[in-house]
Amino acid sequence: MRVEPIPNELLGSWITVEIPSESGSYSRSVYNVRVERVEEIDDYTHQKSRDKTRIFVWFDYVNSYPATEFSVGMRIRYDGEVYETVKVKVFSADSPHHCKVEARKISDGS
């Protein structure tokens, strides 16, 4: 079964991924992805509520570039904020066609 790529009209964002390596980690910019940001806080009873903002990144194996393998625990920088991946799901038919990455905010990037 062939699954069509995500249309370019729905892509267009970019992220920076920190990829672990034997000598630490290195950064890679990944282009033409879709990013959906969900702002959320909890713990309203305390003076400082907890920021539980998340992003969902859609990577298309045809239209997103460069080819990137995502894994839980990776860091993603998006729009000045730093996120940690908590879930990675690859959608496949005959071969992988899309990847959905969920990441939670860990820092404002400063």
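Everything numeric here is computed off the predicted structure, so don't read it as measured data. (Residues numbered from 1 in each chain as written. Predicted model: local features only at pLDDT ≥ 70, side-chain atom pairs only at ≥ 80, totals over all residues. Heavy atoms only, no water.)

Caption draft 1: Examining the overall build of the protein more closely. Within the protein, the secondary structure is distributed over zero helices and eight strands. Written out in order from the N terminus, the α and β elements of the protein read β-β-β-β-β-β-β-β. In terms of its C-alpha atoms, the protein occupies a principal-axis envelope of roughly 55 × 35 × 20 Å. Counting every position in the protein, which comprises 110 residues, the buried fraction comes to 33%. Per element, the accessible surface of the protein, about 7100 Å² overall, is 47% carbon and sulfur. In the protein, 15 side chains carry a positive charge and 18 a negative one; their mean positions are 3 Å apart. (Helix = DSSP H or I, 4+ residues; strand = E, 2+ residues; numbered from the N terminus. Buried < 20%, exposed > 50% of the residue type's maximum accessible area, 1.4 Å probe, protein only. Areas by Shrake-Rupley, 256 points an atom, 1.4 Å probe, with all protein chains shown as cover. Lys, Arg positive; Asp, Glu negative; His and termini not counted. Charge placed at Lys NZ, Arg CZ, Asp CG, Glu CD.)

Caption draft 2: Focus on unusual backbone geometry. Omega for the bond connecting Tyr65 with Pro66 falls within 30 degrees of zero, at -10°, which places this linkage in the cis form. The topology assignment puts Pro66 in the loop between strand S5 (54-60) and strand S6 (75-78). Backbone geometry places Asp79, a non-glycine residue, at a positive phi of 55°. Along the chain, Asp79 turns up in the loop between S6 and strand S7 (81-92). The exposed category is assigned to Asp79, whose relative accessible area is 64%.

Caption draft 3: Inspection of the sheet that holds strand S8 (residues 96-107) at higher detail. Reading around the circumference, S1-S2-S5-S8-S7-S6 is the order of the six strands in this closed barrel, with antiparallel pairing throughout. With direction set aside, neighbouring strand axes in the sheet form an average angle of 45°. (Pairing = 2+ DSSP bridges. Axes fitted to C-alpha atoms, helices over the stretch in contact; angles between N-to-C directions.)

Function cannot be read off these values alone, since they describe shape.
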